[in-house]
Amino acid sequence: MHLNILYRGSLVSCNYGCEYCPFAKRQQTAAELASDKQDLERFVNWVAQHPQHEFSILFTPWGEALIHRCYQQALVKLTQMPHVNKAAIQTNLSCNLDWVEECNKDKLALWATFHPEWVERESYVAKCLELDRRGAHFSSGVVGFPQFKHEIAALRQELPEHVYLWINAVKAELPNLSLEDREFFKSIDPLYELNTQHYPSFGRSCRAGKSAISVDGEGTMRRCHFIKAPIGNIYDANWEDYLVDRTCTNQTCHCHIGYVHLEYLELDKVFGSGILERIPQQYNQIEYFHF
């Protein structure tokens, strides 16, 4: 069995404080960080103890994880396990990158977000270029606010051509977005329109719950981050029994880490093995996504 896991522990602190971001609005105590570290290490050990299965793992923390050594070491350990196909993480890329050399870089991937209100573009680009020199796979992206257009255009020019630069659509602002702004975002990200939709999902077949799950620090399994009802716990002896076909119970799905698993969208054909870290196949050959 191959299983995609989105892991989100109790980490909620961040070294940035973006106004639009609903996460990471407080600092955590040493005891809280120690508890998150303990949960993380238990999860990594659990993966190691199940070599009969193949895993691809994406860390989707509420806060910034890679400024903590334990998350760096988790990626090191996971990428060295023969039965782990991929270990990826969402990050603002503010950490030191020396730890990347300890990883199996064929299995490591980063989903890196540029926050122009919190970091100079030159500093962020330098980290991206360092990742590229080190041979790590990564995508780069920005939240699609029109006031950042200059920074986004400059970022696209300064990143290597082969690095996919995605734009997260600010869906609440789409009705107010000018045609010019929308076309600009599409010129940067040929798949921009893909992220502007609220996809009908109720009653639709989804890989979430069968071949893709979310897991929290206590091991609680859910279909995905957007359906809160638990389906089991990975630390139960019979955890595999919880993985069954399920249709979606939400009316719509609008986040990449959710809708990519809706079967009728067939986005596995767009992203292939880069579906977790948001890297489309044959990036330089993709065309605009039409609806």
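For the structure, check the block above.
## Let's talk about the sheet that holds strand β11 (residues 227-233)
Turning to step 1, where the next piece is worked out: Taken in spatial order, the nine strands line up as β6-β5-β4-β3-β2-β1-β9-β10-β11 in an open sheet, and their pairing is mixed. Strands with a single pairing partner mark the edges of an open sheet, and in this sheet they are β6 (165-168) and β11. Geometrically, the sheet is characterised by an average inter-axis angle of 25° between neighbouring strands, direction not taken into account.
Turning to step 2, where the next piece is worked out: Where strand β5 (residues 137-143) lies against β6, four bridges are found, and the strand directions are parallel. Counted as the bridge partner of Val143 is Asn168 from β6.
Turning to step 3, where the next piece is worked out: Running over the sheet, helix α1 (residues 30-48) touches β1 (2-8), β2 (54-59) and β3 (84-91) and is turned about 160° from β2.
Turning to step 4, where the next piece is worked out: Contacting β4 (108-113) and β5, helix α3 (residues 121-134) crosses the sheet at an angle of about 160° to β5.

## Describing α1
Along an α-helix, residues three or four apart share an orientation, since each turn contains 3.6 residues.
Turning to step 1, where the next piece is worked out: For α1, spanning 19 residues, the distance from its first C-alpha to its last is 27 Å, which sits close to the expected 27 Å at 1.5 Å a residue.
Turning to step 2, where the next piece is worked out: Summarising the contacts, the buried residues of α1 are in contact with β1, β2, α2 (69-79) and β3.

## Describing the nonpolar core
Turning to step 1, where the next piece is worked out: Residues Phe43, Phe59 and Trp99 are the most contacted members of the largest nonpolar core, which totals 67 residues.
Turning to step 2, where the next piece is worked out: Sort the elements by how many residues they give to this core and α2 lands first, with six residues.
Turning to step 3, where the next piece is worked out: With near-sequence residues (within four places) excluded, Trp99 lies in contact with Leu66, Arg69, Gln72, Leu75, Val76 and Leu108.
Turning to step 4, where the next piece is worked out: Judged by nonpolar contacts, the second largest core, of 26 residues, contains Leu6, Leu58, Trp166 and Phe271.

## Examining the packing of aromatic side chains
Turning to step 1, where the next piece is worked out: Counted by the stated rule, this structure contains 13 aromatic pairs.
Turning to step 2, where the next piece is worked out: Pairing Phe43 with Trp46 gives two aromatic rings, centres 6.2 Å apart and planes at 20°, and the pair type is stacked. Remark: Trp46 and Phe43 occur in helix α1; sequence separation between them is three residues, near one turn of the helix.
Turning to step 3, where the next piece is worked out: Exposure remark for Phe43: the relative accessible area of 0% places this residue in the buried category.
Turning to step 4, where the next piece is worked out: By relative accessible area, which is 4% here, Trp46 ends up buried.
Turning to step 5, where the next piece is worked out: Judged by centre distance (5.0 Å) and plane angle (70°), the rings of Trp46 and Trp239 are edge-to-face. In this pair, Trp46 sits in helix α1 while Trp239 sits in the loop between β11 and β12 (246-247), placing the two residues 193 residues apart along the sequence. Across the pair, exposure class does not vary: Trp46 and Trp239 are buried alike.

What counts, and at which threshold
- Residues numbered from 1 in each chain as written.
- Predicted model: local features only at pLDDT ≥ 70, side-chain atom pairs only at ≥ 80, totals over all residues.
- Heavy atoms only, no water.
- Pairing = 2+ DSSP bridges.
- Helix = DSSP H or I, 4+ residues; strand = E, 2+ residues; numbered from the N terminus.
- Axes fitted to C-alpha atoms, helices over the stretch in contact; angles between N-to-C directions.
- Contact = heavy atoms within 4.5 Å.
- Expected span 1.5 Å × (residues − 1).
- Core = buried A, V, L, I, M, F, W, Y, C linked by side-chain atoms within 4.5 Å.
- Buried < 20%, exposed > 50% of the residue type's maximum accessible area, 1.4 Å probe, protein only.
- Phe/Tyr/Trp six-rings, centres within 6.5 Å; stacked < 30°, edge-to-face > 60°.

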